[in-house]
Amino acid sequence: MHARVAAATAIAFFGLGLAMLPTPHAGATGGDRLVVVAHRGASGSAPENTMAAVDRAAAMGFGWVENDVQRTKDGRLVVIHDATLDRTTDVERLFPHRAPWRVKDFTAAEIARLDAGSWYGRRYAGARVPTLREYMERVSHNHQNLVLEIKNPELYPGIERQTLALLDEEGWLDSGHLRNRLIVQSFSAASVRMVHELRPGIRTAYLGTPRVTELRAYARFADQINAEYTRLSPGYVCAVHALKGPHDKPMRVFAWTVNGAKEAQRMGGFGVDGVITNVPDVVRTAVTAR
Ligand code: G3P
Ligand code: CA
């Protein structure tokens, strides 16, 4: 039996404590080790979804980052989490009459004028909302790996094909990147399925926790289930691991958004393969503590 499955099964059936389980290692990129992913970049210490956040993750020694992609009014892909610009930029000051300030109602040139750093702290004043192209170039420059979330795909018809075309142009769909440097995820199963159908070589993840009885259907197009951590149990992780994904490998589980040391240790004990966190340094310390 696979080590992760064995661990999760032990907890599920015998109620073994964490102390009896092997502690996973943080910062690794596969195998039996726990992947630590800096959520929206290292968003606990820099403004989310900015170059500063992915640079911060790199400076902290984290190879994996997670970010969100959406589309502007004039069809440019940009890296931002919310469907609106007001929480993380100064859009209300620059464009006071454009409420509700939807990303899809602003051109790329307008969004490029916004300050996406000051809301977080004065030292980040002038940080911009990156275009996906700029962002991919920075992640490449930093030798980082990417969990890219297609955010709100229902608002942006065709965003899957457009995103994949850009990733291809930026060299992210070659065999080296596909092997272990890129995961594309979405809360929309239809979007994940479309990514898989367009480029079957890409590792994909569904964001959510389908019922155990539904997992087999997801395994046709998703290599991973990336789940909100409070919804996970050892038995659920075990059920996911028991299935093979579209690349004929056991499906994996990443847990989000795990920002506490105890929670990270708990997820390690559950046998998850990765943890997505705003504070990767906290998670690394927690899961490597003996
Ligand atoms: O990667 C998981 C996580 O990013 C999903 O939630 O809202 O932060 O995009 P959200
Ligand atoms: Ca996200």
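Structural notes, computed from the coordinates. Nothing here was measured: the structure is a model prediction, and the numbers come from that model.

Criteria and cut-off values
Sequence order as written defines residue numbering, which begins from 1 separately in each chain. Written order decides the labels, with chains lettered from A and ligands numbered from 1. Predicted model: local features are reported for residues with pLDDT of at least 70 only, side-chain atom pairs are reported and counted for 80 or more only, and whole-chain, interface and lining totals are derived from all residues. With hydrogens and water stripped out, all remaining heavy atoms of the structure feed into the side-chain values. Distances are taken per atom, and a residue is near a molecule or strand as soon as one of its heavy atoms is within 4 Å of it. Polar contacts, as used here, are pairs of N or O atoms within 3.5 Å; protein pairs need one atom able to donate a hydrogen and one able to accept it. Residues neighboring in sequence count only if both atoms are side-chain atoms. Here, Shrake-Rupley sampling with a 1.4 Å probe gives the accessible areas, and only protein chains in the shown set may cover a residue. For this classification, the nonpolar set comprises Ala, Val, Leu, Ile, Met, Phe, Trp, Tyr, Cys and Pro, the charged set comprises Asp, Glu, Lys and Arg, and every other residue, Gly included, is treated as polar. Any N, O or S atom lying within 2.8 Å of the metal counts as a donor, and for Na, K and Ca the limit rises to 3.2 Å; water is left out, so some sites can look incomplete. Secondary structure elements follow DSSP: runs of H or I of four or more residues count as helices, runs of E of two or more count as strands, with numbering from the N terminus. Per-residue accessibility, obtained with a 1.4 Å probe over protein chains only, is compared with the maximum for each type, and a residue is labelled buried under 20%, exposed over 50%, and partly exposed between these values.

Some points on the site of ligand 1
Next, step 1: Taken together, the residues surrounding ligand 1 are His39, Arg40, Glu66, Asp68, His81, Glu149, Lys151, Gln185, Phe187, Leu207, Trp256 and Ile276.
Next, step 2: At a separation of 2.7 Å, an oxygen atom of ligand 1 approaches a polar side-chain atom of arginine 40.
Next, step 3: Here an oxygen atom of ligand 1 and a side-chain polar atom of lysine 151 are 2.7 Å apart.
Next, step 4: In isolation ligand 1 offers 290 Å² of accessible surface; the protein chains occlude 91% of this area.
Next, step 5: For the shell around ligand 1, a count of residues per class yields four nonpolar, three polar and five charged.

Digging into the coordination of the calcium ion (ligand 2)
Next, step 1: Around the calcium ion (ligand 2), the protein supplies Glu66 (OE), Asp68 (OD) and Glu149 (OE) as donor atoms, at distances of 2.1 to 2.3 Å.
Next, step 2: Look at where the donors of the calcium ion (ligand 2) fall in the sequence and you get E-x1-D-x80-E. Of the two residues, glutamate 66 is situated in strand S2 (residues 64-71) and glutamate 149 in strand S4 (residues 145-150); the sequence distance between them amounts to 83 residues.
Next, step 3: Exposure remark for glutamate 149: the relative accessible area of 4% places this residue in the buried category.

Some words on helix H11 (residues 261-270)
Next, step 1: Within H11, burial applies to Ala264, Met267, Gly268, Gly269 and Phe270.
Next, step 2: Trailing H11 by a residue or two, glycine 271 shows a phi angle of about 90°, which is positive.

Read these as layout, nothing more, since geometry by itself doesn't imply function.
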